[in-house]
Amino acid sequence: MAAPKIILDCDPGHDDAVAILLAAQHCDVLAITTVSGNAPLTLTTQNALLMCELAGLDIPVHAGADRPLLVPAAHAPRAHGATGLDGPPRPEVHRSEASNDAVGCIIETVRGHDDVWLVPVGPLTNIALAFRQAPDIVERLAGVSLMGGAIGPGNVTPTAEFNIWADPHAAQIVFATGAPLVRMAGLNLTHQLCVGPTETAALRTHGGAVSTFVADLFEFYLAGYRERAGLEAAPMHDPCAVLAVTRPDLFAFTARHVDVETDGTLTRGMTVADERPGTDASPNCEVAYSLDADAALALIVDAVCSYG
Ligand code: BDR
Ligand code: CA
């Protein structure tokens, strides 16, 4: 079967970096688009370019929105450090972005190819802007597979996950848009896919520039989770959205109606899933509830090690 065509919209970010490596192994990545999120846009774009250069990936990187639609920009230095990719020694980046028009790239790419998946793993600003500017692209998509939200506790507030909280208005547009297929990998799912000392050791044993870089990323990322939450393993959020396209057989999904709270004092950015038995709300989303974590972890480690 042909590899799925995707646009990876990201804000690298440790787990975004792994998502790039995984996607490049298993998908036809037509473009990487970047957005303000874990770090300011200039850094997330540099980080995407860094990962492509390090791994020798010939994928164009287009910079996108430098701020959310309506709320002020917020970043996640506690999880990802000031650069967004703290941990490993930072190599010099020689590549440049293909454009500063991620939204135009998304629109033109979807118009030019059948059955493209959008895989957003950061705030949904670029995707919402593309849907607003070019509503015709929605029906052309194979689907949207996003990392965001939570059916249960959040991470940035008690009720909200970072990507949705960071641009709740964009998220509301994406969930409400009626895209043929939206798959949601929220925190309830991504916390089932955790990397820890075993995966880090496997990458160090394998050696090589990419595996060593990712092992260093894991160590920084794990130290943060250990310090903040007392966890010995840390969730690989963003690769879940890639795997939901390439290996949906590893997941259990349930169709739900999901809406986003944009204004709540306590609940801004909450993804409200209608889980009432017998509800008459039409589903707009396949919510991922569980996955085969061992198989998913093996795919992640294999993908990183495949770069030699
Ligand atoms: C999400 O927020 C970011 O910190 C991660 O890259 C992931 O996309 C998890 O809440
Ligand atoms: Ca991310």
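Conventions we followed
Numbering of residues starts from 1 in each chain and follows the order in which that chain's sequence is written. Both sets of labels track the order of writing: A upward for chains, 1 upward for ligands. Whole-chain, interface and lining totals are the exception, using all residues; otherwise, since this is a predicted model, local features are given only for residues with pLDDT of at least 70 and side-chain atom pairs are given and counted only at 80 or more. Note that the side-chain values use all heavy atoms of the structure and ignore hydrogens as well as water. Note on conventions: DSSP H or I runs of at least 4 residues are helices, E runs of at least 2 residues are strands, and numbering of each starts at the N terminus. The reference for a compact globule is 2.2 Å times residues^0.38; the radius of gyration itself is calculated from the C-alpha atoms. Only protein chains enter the accessibility calculation, which uses a 1.4 Å probe; a residue is then buried when its area is under 20% of its type maximum, exposed when over 50%, and partly exposed in between. To be clear on the numbers: accessible area is Shrake-Rupley with a 1.4 Å probe, and residue cover counts the displayed protein chains and nothing else. His is not counted here, nor are the chain ends, while Lys and Arg score as positive and Asp and Glu score as negative. For this purpose, a charge sits on NZ of Lys, CZ of Arg, CG of Asp or CD of Glu. Paired strands are those between which DSSP finds at least two bridges. Axis definition: a line fitted to C-alpha atoms, limited for helices to the stretch in contact. Angles are taken between N-to-C directions and run from 0 to 180 degrees. In this description, a donor is an N, O or S atom within 2.8 Å of the metal centre, a cutoff extended to 3.2 Å for sodium, potassium and calcium. Water is not part of the atom list, which can make sites seem incomplete. A cavity, in this analysis, means grid points on a 1 Å lattice covering only the protein atoms where a 1.4 Å probe fits yet has no way out; a pocket is instead an open set bounded by protein on both sides within 12 Å along at least five of seven lines, and a residue lines either one if it has an atom within 4 Å of a point. Grid points are joined across faces, edges and corners, and a volume is the space filled by probe spheres set on the points. Charged means Asp, Glu, Lys or Arg here, nonpolar means Ala, Val, Leu, Ile, Met, Phe, Trp, Tyr, Cys or Pro, and polar covers whatever is left, Gly included. A pair of cysteine sulfur atoms is labelled a disulfide when the two atoms are within 2.5 Å. If a single non-hydrogen atom of a residue is within 4 Å of a molecule or strand, that residue counts as near it. Occupancy of a cavity or pocket is assigned to a molecule whenever over half of its atoms lie within 2 Å of that pocket's grid points. Note on definitions: salt bridges are taken to be side-chain nitrogens of Lys or Arg within 4 Å of carboxyl oxygens of Asp or Glu.

(A) Local environment of the overall build of the protein chain. For the protein chain, the helix and strand inventory stands at 13 helices and 12 strands. Relative to the 2.2 N^0.38 estimate, which gives 19 Å for 308 residues, the radius of gyration of the protein chain is 18 Å and therefore close to what a compact globule would have. Buried positions account for 57% of the 308 residues belonging to the protein chain. As displayed, the protein chain offers around 11800 Å² of accessible surface, 53% of which is attributable to carbon and sulfur atoms. The distance from the centre of the 16 positive side-chain charges to the centre of the 36 negative ones in the protein chain is 2 Å.

(B) Highlighting unusual backbone geometry. In this chain, Pro12 is followed by Gly13 through a cis amide linkage whose omega measures -15°. Considering the arrangement of structural elements, one finds Gly13 in the loop between strand E1 (5-10) and helix H1 (14-26). Its identity is not glycine, yet Asp115 carries a phi of approximately 60°, on the positive side. Looking at the secondary structure, you find Asp115 in the loop between helix H4 (102-112) and strand E4 (116-120).

(C) Main features of the sheet that holds E4. Across the sheet, 8 strands lie side by side as E3-E2-E1-E4-E5-E6-E12-E9; this open sheet has mixed pairing. The sheet is open, and its two borders are formed by strand E3 (61-63) and strand E9 (251-256), each paired with just one other strand. This sheet shows a mean twist of 25° between the axes of neighbouring strands, independent of strand direction. Pairing between strand E6 (residues 182-185) and strand E12 (residues 285-291): 2 bridges, direction parallel. From the neighbouring strand, Met184 faces E12, where its bridge partner is Val287.

(D) View of the coordination of the calcium ion (ligand 2). Here the calcium ion (ligand 2) is held by Asp11 (OD), Asp16 (OD), Asp16 (OD), Val121 (O) and Asp238 (OD), and the distances to it run 2.3 to 2.6 Å. Counting the intervening residues between successive donors of the calcium ion (ligand 2) yields the motif D-x4-D-x104-V-x116-D. Taken together, the positions of Asp11 in the loop between E1 and H1 and Asp238 in helix H12 (residues 237-246) put the pair 227 residues apart, joining distant regions of the chain. Here Asp11 matches Asp238 in class, with each residue buried.

(E) Looking closely at the layout of surface pockets. Approximately 570 Å³ is the volume attributed to the largest pocket. The wall of the largest pocket is formed by 30 residues, among which Ala79, Asn155, Phe162, Tyr225 and Arg228 lie closest to the centre. Residue assignment for the lining of the largest pocket shows that the elements contributing at least two residues are H1, helix H3 (77-80), helix H7 (162-166), helix H11 (209-229) and H12. The residue inventory of the lining of the largest pocket, partitioned by class, reads 15 nonpolar, 8 polar and 7 charged.

(F) Summary view of the state of the cysteines. In total, this model carries 0 disulfides according to the counting rule given. You can see Cys27 has no disulfide; the closest cysteine sulfur is in Cys10, sitting 13 Å from it. Cysteine Cys194 remains unbridged, with the sulfur of Cys240 as its closest cysteine sulfur at 9.1 Å.

(G) Summary view of empty space enclosed by the protein. Counted according to the given criterion, the structure contains 1 cavity of 30 Å³ or more. Reported here for the largest cavity is a volume of approximately 40 Å³. Lining the largest cavity are Ser36, Gly37, Pro68, Ala73, Ala74, Pro123, Ala166 and Asp167. Considering only residue class, the lining of the largest cavity consists of 5 nonpolar, 2 polar and 1 charged.

(H) Representation of the site of ligand 1. As a structural note, the neighbourhood of ligand 1 is formed by Asp15, Asp16, Asn38, His80, Val121, Met147, Asn155, Glu161, Phe162, Asn163, His237 and Asp238. Summarising the interface, the protein chains cover 96% of the accessible area of ligand 1, which totals 280 Å² for the free molecule. Most atoms of ligand 1, that is more than half of them, are within 2 Å of grid points of the largest pocket. Of all elements in the fold, only H1, H7 and H12 reach the threshold of two or more residues within the shell around ligand 1. By residue class, the composition of the shell around ligand 1 is 3 nonpolar, 5 polar and 4 charged.

(I) Structural context of the pattern of salt bridges. Applying the stated criterion to the full structure yields 10 salt bridges. Ionic pairing is found between Arg67 and Asp66, a salt bridge with its closest N-O pair at 3.1 Å. The class of Arg67 is exposed, set by a relative accessible area of 56%. Residue Asp66 is classed as partly exposed on the basis of its relative accessible area, which comes to 46%. In this structure, the salt-bridge partner of Arg140 is Asp114, at a minimum N-O distance of 2.8 Å. One end of the pair, Arg140, is in helix H6 (residues 136-140); the other, Asp114, is in the loop between H4 and E4, and 26 residues separate them in sequence. Assessed through its relative accessible area of 29%, Arg140 is described here as partly exposed.

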